[in-house]
Amino acid sequence: MTIRVLIADDQAMVRAGFAALLSAQSDIDVVGDAADGRQALEVSGRTHPDVVLMDVRMPEMDGLEAARRLLDPPPGVVHRPRVLMLTTFDVDDYVYEALRAGASGFLLKDAPPADLISAVRVVAAGDALLAPSVTRRLIADFARHRPAPRRDPRLRLNGLTPRETEVLELIARGLSNQEIAARLVLAEQTVKTHVGRILGKLDLRDRAQAVVLAYESGLVQPGAQ
């Protein structure tokens, strides 16, 4: 199945470079591009991409607001693409907010070409792109300095079993399913089942939102190992 991609970035050379790289892949089709968030919404509405590569900082409407609107569309709009945020810096105020809004992860613009291609495929498959060394640190930093949400997120964890809570904690620490399986002495398929149940019970789209909730609920403390 071909992955339909929309590229939103205010730099024409970046858009052209990403488009050339991705279009060269047999399983990826670049269906459009946009120079700002407002254009991204308009082009997405016409082309229905599977994945939107969304620059964080753009004129007119930034990537955060565009991501929010794509991931929480008005009544009657059925299509919701996966959003992969693009940023120049590995610590960016907008990235954390984008993850909370439902973005499936983020990628640094200077990442190797192979990483961009892999990221599109990972996100299109329904998983989250979480680089533990960057994403975990970023989320922990903002969880430490920002006020807690009005609704106590700890209450949402009450429906999890002890094992599911344990798996959620390890997800938030940046472990892959394979690493969690090794840590808990479980089959990897069993871990996948636990992850699916966690996402279902907590009404989360993917692992990115699971990590955010784990920090906001206090299940994982910033800076703890």
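Look a little higher up for the structure.
Source: prediction; values computed, not measured.

Engineer: Whenever I open this one, the environment of His 48 confuses me. Can you help?
Structural biologist: Along the chain, His 48 falls in the loop between α2 (37-47) and β3 (51-55). Relative accessible area serves as the criterion here: at 43%, His 48 is assigned to the partly exposed category. With 16 residues separating them along the chain, His 48 and Gly 32 place their C-alpha atoms 9.7 Å apart. If we ignore the near neighbours within four places in the chain, the residues touching His 48 are Arg 4, Val 43 and His 79.

Engineer: Can you help me understand the sheet that holds strand β2 (residues 28-34) in this one?
Structural biologist: Backbone hydrogen bonds are what pair the strands of a sheet, in a parallel or an antiparallel way. Pairing within the open sheet is parallel, and its 5 strands lie in the order β2-β1-β3-β4-β5. The sheet is open, and its two borders are formed by β2 and β5 (106-108), each paired with just one other strand. Pairwise comparison of adjacent strand axes, ignoring direction, gives a mean angle of 25 degrees for this sheet. Sheet strands touched by helix α5 (residues 113-124): β1 (3-8), β2, β3, β4 (82-87) and β5. Its angle to β3, the strand with the most contacts, is close to 125 degrees.

Engineer: Explanation requested: the pattern of salt bridges in the structure shown.
Structural biologist: A side chain with one charge may pair with a side chain of the opposite charge, provided their charged atoms come close. This model, assessed by the stated rule, comprises 10 salt bridges. Between Lys 109 and Asp 55 there is a salt bridge, and its shortest N-O distance comes to 3.3 Å. On the criterion of sequence distance, the pair formed by Lys 109 in the loop between β5 and α5 and Asp 55 in strand β3 is long-range, its members being 54 residues apart. Of the residues examined, Lys 109 reaches a relative accessible area of 19% and is grouped as buried. In this structure Asp 55 comes out as buried when scored by relative accessible area, which is 3%. Notably, a salt bridge pairs Glu 164 with Lys 201, separated by 2.8 Å at the nearest N-O pair. Here Lys 201 lies in helix α9 (residues 188-202) and Glu 164 lies in helix α7 (residues 162-172), a separation of 37 residues in the sequence. A residue is classified by how much of its surface remains accessible, and Lys 201, at 45% relative accessible area, is partly exposed.

Conventions adopted
- Residues numbered from 1 in each chain as written.
- Predicted model: local features only at pLDDT ≥ 70, side-chain atom pairs only at ≥ 80, totals over all residues.
- Heavy atoms only, no water.
- Helix = DSSP H or I, 4+ residues; strand = E, 2+ residues; numbered from the N terminus.
- Buried < 20%, exposed > 50% of the residue type's maximum accessible area, 1.4 Å probe, protein only.
- Contact = heavy atoms within 4.5 Å.
- Pairing = 2+ DSSP bridges.
- Axes fitted to C-alpha atoms, helices over the stretch in contact; angles between N-to-C directions.
- Salt bridge = Lys/Arg side-chain N within 4 Å of Asp/Glu carboxyl O.

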